[in-house]
Amino acid sequence: MRNILLTVIVPAVVGVAAFGQNSAPAADRLIFVRCGTLIDGRSEHPRKNVVIEIQGEKIIAVGAAAPAVIDLSTQTCLPGLIDTHTHVLLQGDVTAADYDVQLLKESPEYRTIVATVNARRALEYGFTTIRDLETEGAGYADVDVKKAIENGVIPGPRMQVATRALNVTGAYPLEGFAPNVPVPHGVQVVDGADNARKAVREQISYGADWIKVYADRNYRVREDGVLDDIPTFTLDELSAIVDEAHRQRHKVASHAMALYGVHNSVEAGVDSIEHGNYIADEDMKTMVAHGTYYVPTIFVGEYVARGRAAEGATVWLKMLKIHEDTFRRALKAGVKIAFGTDAGGFAWSENPAQEFPYMVKWGMTPAQAIRSATVSAAELLGVQDKVGTIEAGKFADIVAVPGDPLTDVGLLENVDFVMKGGVVYRQP
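Thresholds, definitions, all that
Residues numbered from 1 in each chain as written. Predicted model: local features only at pLDDT ≥ 70, side-chain atom pairs only at ≥ 80, totals over all residues. Heavy atoms only, no water. Helix = DSSP H or I, 4+ residues; strand = E, 2+ residues; numbered from the N terminus. Buried < 20%, exposed > 50% of the residue type's maximum accessible area, 1.4 Å probe, protein only. Contact = heavy atoms within 4.5 Å. Areas by Shrake-Rupley, 256 points an atom, 1.4 Å probe, with all protein chains shown as cover. Lys, Arg positive; Asp, Glu negative; His and termini not counted. Charge placed at Lys NZ, Arg CZ, Asp CG, Glu CD. Salt bridge = Lys/Arg side-chain N within 4 Å of Asp/Glu carboxyl O. Pairing = 2+ DSSP bridges. Axes fitted to C-alpha atoms, helices over the stretch in contact; angles between N-to-C directions. Disulfide = S-S within 2.5 Å. pLDDT = per-residue confidence, 0-100. Polar contact = N/O pair within 3.5 Å; in protein donor to acceptor, adjacent residues only side chain to side chain. Core = buried A, V, L, I, M, F, W, Y, C linked by side-chain atoms within 4.5 Å. Patch = residues over 30% accessible without salt bridge, like charges linked within 9 Å, V, L, I, M, F, W, Y side chains within 5 Å.

1. Quick look at the overall build of the chain
When helices and strands are counted, the chain shows 13 helices and 19 strands. Each of the three principal axes of the chain carries a C-alpha extent, and together these read 65 × 50 × 45 Å. Burial statistics for the chain: of 428 residues in total, 57% are counted as buried. Across the chain, contacts joining residues at least 24 apart in sequence account for 70% of those joining residues at least 6 apart. On the chain, roughly 17,400 Å² of surface is accessible, and the fraction owed to carbon and sulfur atoms is 52%. Side chains of the chain give 41 positive and 54 negative charges; the mean places of these two sets differ by 4 Å.

2. Description of the pattern of salt bridges
A side chain with one charge may pair with a side chain of the opposite charge, provided their charged atoms come close. All told, the structure shown has 20 salt bridges when counted by the stated rule. Of the charged contacts, one joins arginine 131 and glutamate 274 as a salt bridge, the two residues approaching to 2.7 Å between their closest N and O atoms. A residue pair is termed long-range when its members are at least 10 positions apart, and arginine 131 in strand 6 (residues 127-132) and glutamate 274 in strand 14 (residues 272-275) qualify at 143 residues. In this structure arginine 131 comes out as buried when scored by relative accessible area, which is 0%. Through salt bridges with shared partners, a single network forms among Arg197, Arg201, Asp243, Glu244 and Arg247.

3. Some words on the sheet that holds strand 18 (residues 417-420)
Judged by pairing direction, the sheet is mixed, and its seven strands sit side by side in the order 3-2-1-4-17-18-19 without closing on themselves. Across the chains shown, the open sheet's two edge strands, defined by having one partner strand only, are strand 3 (58-62) and strand 19 (423-426). The average undirected angle you get between the axes of adjacent strands in this sheet is 40°. As paired elements, strand 17 (residues 398-402) and strand 18 share three bridges and run antiparallel to each other. When the bridges of strand 18 are listed, alanine 400 appears paired with phenylalanine 417.

4. Observations concerning the state of the cysteines
Counting across every chain of the model gives one disulfide. Note that cysteine 35 is cross-linked by a disulfide to cysteine 77, the S-S spacing being 2.3 Å. The sign of the -100° torsion about the S-S bond sets the cysteine 35-cysteine 77 disulfide as left-handed. Taken together, the positions of cysteine 35 in strand 1 (residues 30-38) and cysteine 77 in strand 4 (residues 70-79) put the pair 42 residues apart, joining distant regions of the chain. As far as burial versus exposure is concerned, cysteine 35 and cysteine 77 are alike and both buried.

5. A closer look at the side chain of histidine 323
Positionally, histidine 323 belongs in helix 10 (residues 315-333). The contacts of histidine 323, once residues within four sequence positions are left out, are His275, Gly276, Asn277, Tyr294, Pro296, Thr297, Ile298 and Trp362.

6. Some words on the confidence of the model for the chain
Here the chain shows a mean pLDDT of 93. Residues at 70 or above account for 94%. Considering only residues more than four positions removed or in separate chains, one finds that residues 1-15, a stretch of pLDDT under 50, has 14 contacts. Across residues 18-22 the pLDDT falls below 50, and counting only partners more than four positions away or on other chains, this stretch makes 13 contacts in the model.

7. What to know about the environment of valine 88
Here valine 88 is to be found in the loop between strand 5 (81-86) and helix 2 (96-105). Taking the C-alpha atoms as reference points, valine 88 and aspartate 342, separated by 254 residues in sequence, lie 9.6 Å from one another.

8. Some points on the sheet that holds strand 7 (residues 158-161)
Ordered by their spatial adjacency, three strands build an open sheet running 5-6-7, and the pairing between neighbours is parallel. On the outer flanks of this sheet lie strand 5 and strand 7, each paired with one strand and no other. Strand-to-strand twist of the sheet, defined as the mean angle between neighbouring strand axes without regard to direction, takes the value 15°. Where strand 5 lies against strand 6, four bridges are found, and the strand directions are parallel. In the strand pairing of strand 6, leucine 81 is matched with phenylalanine 127. Across the sheet, helix 4 (residues 141-150) lies against strand 6 and strand 7, angled at about 160° from strand 7, the strand it touches most.

9. A short note on the side chain of arginine 29
Mapping arginine 29 onto the fold places it in the loop between helix 1 (2-14) and strand 1. Polar contacts involving the side chain of arginine 29 include one to the main-chain carbonyl oxygen of glycine 422, which spans 3.1 Å.

10. Notes on the pairing of strand 2 (residues 47-55)
Along a regular strand, successive side chains alternate from one face of the sheet to the other. Note that strand 1 and strand 2 share eight bridges and pair antiparallel. Across the sheet, residue cysteine 35 finds its bridge partner in strand 2, namely valine 50. As paired elements, strand 2 and strand 3 share four bridges and run antiparallel to each other. By the bridge assignment, glutamate 53 is partnered in strand 3 with alanine 61. What sits between strand 2 and strand 3 in their antiparallel hairpin is a turn of two residues, with glycine 56 showing a positive phi close to 65°.

11. Focus on the nonpolar core
Core analysis: the biggest nonpolar cluster contains 94 residues, and Leu166, Ile211 and Phe356 have the highest contact counts within it. Considering each element in turn, this core owes the most residues, seven residues, to helix 10. Those residues in contact with leucine 166 that sit more than four places away from it in its chain are Val187, Gln188, Val190, Ala199, Val200, Gln203, Ile211, Lys212, Val213, Tyr214, Phe233 and Ile241. In terms of nonpolar packing, the next biggest core, distinct from the first, is built from 18 residues, Ile52, Ile59, Leu72 and Ile390 among them.

12. Let's talk about a nonpolar patch on the surface
A grouping of Leu104, Phe177 and Val181 is seen on the molecular surface, where their side chains present a nonpolar patch of about 240 Å² in accessible area. Structurally, valine 181 can be placed in the loop between strand 8 (166-167) and strand 9 (188-189).

Below is the structure:
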C-alpha cells in the first residue's frame, strides 16, 4: 500500500496537486517553467520567452538557460494574484434574508466545510494569496481554514485573516428581532474604548492577522451628491482600536463607505479603507500623506445593488455613480489602491477577477489594475518580500492566461495555470 501511495502522490507534486496532498514540495526539487510572455511585476515592459527556475517552493532564477519541464510558451505568466478583501465563510448576502439564513440555519461547522471549497475555488481562479476580512458570525473558523491550508490538509491560497471584526451595539445584523429573542451577530459587539481595546487583544490572541472595524451604516445621498452615513464607533473608540492593534504590530482594515465613516477611520489611522464609495478630497489628501490604502471592491456593489434596491434600499443604485467618481478622484490624487473584491458578498461561483474590467472601465490602465492585485496588494499585506512579483527568492506563485492581459484585462477571468509555492494546482 505504501508503494501504491507514493506512485500516486509524487507525480501530483510535479503535475496537478491532489486534493488533501501536503502542499510542500521537496526542498531540492527543480522545476523549469517557460513563459511565452512574462509580466514579472518589476520590469517596465513584459519579457518574452523567459524560463523561470524553481527549487522547492521558491524561485531561484528568472531567465535561466534550461529546458522547460512546464511549457507555457503560448501563455502570459504573471505573479499569483492577490485578493485583499474576501469572506470564505460567506456565500453571498444580496438580501437580509440571504444573510439571516447563514447565521440562523447553518452551523459554524457546516459553514467551515463550505469555506474549504471556497478556498480551493479562490486558488483555482488564480488567487494564490487572500486577506479574509472576517467570518460573519462563524467565530474564529477562518484561523482554522488558514491553518488547514498551511498544514497541507486542504488546498487554498495563502491567507491573512481578520476573525470576528468589530462593531457597536445596534449597528450590525442580525437585526429586527424582538428584544426577548437572543440572536447571533455577524461581528463581535463592543462599546467604549476599553472594551474595544480588550476585543483587539482577544482577537489577536486567537489568531487574527488583521483587525477589522465597521465604521459606518445607514447610507443616504444628500442633495449636494455626498454619500452620507451614521458613524458607528466614536473617534475615541476607533483610535483605541488602532492604537492597540498597532502596538501589537497588527494592521486595521475599516469598512467605511461614506463621509463620516471614512473621515473618522482616516483620522484614527487605519491601514486600509474598504469599499470607500465616497471619500472627501481632504480625506484623500490625508490617505496619501499617511500611505493609507483604498480597497474599492467595485463589482460587488453592482452585484448587490438591484437586490437591495428591490428591498427598498434604492440608495445602492445611486451609490454606483458616486463610487465611480470617487475611484477616479482617488486614482488622480495618487491614493494607493489595492485589489479587493468582497468575494462572499457575492456567490463564490462568480469569478472575483470580474473586478479587473471594472477598474479599467473606471480609469485604470490594465497594467495598473494588474499591479493593484500583485505588487500593491502584497505591500498592503506586508508580504512584498515573499509574493507579488516573480523574482529570485520569492515564493513560486505563478499564474498564466492565454493572450495578452495588458490589452484585454478581462483575460484574467480565464486563468488556466496556477502554481503556488512550486506546486501546480491547475494547468491547461
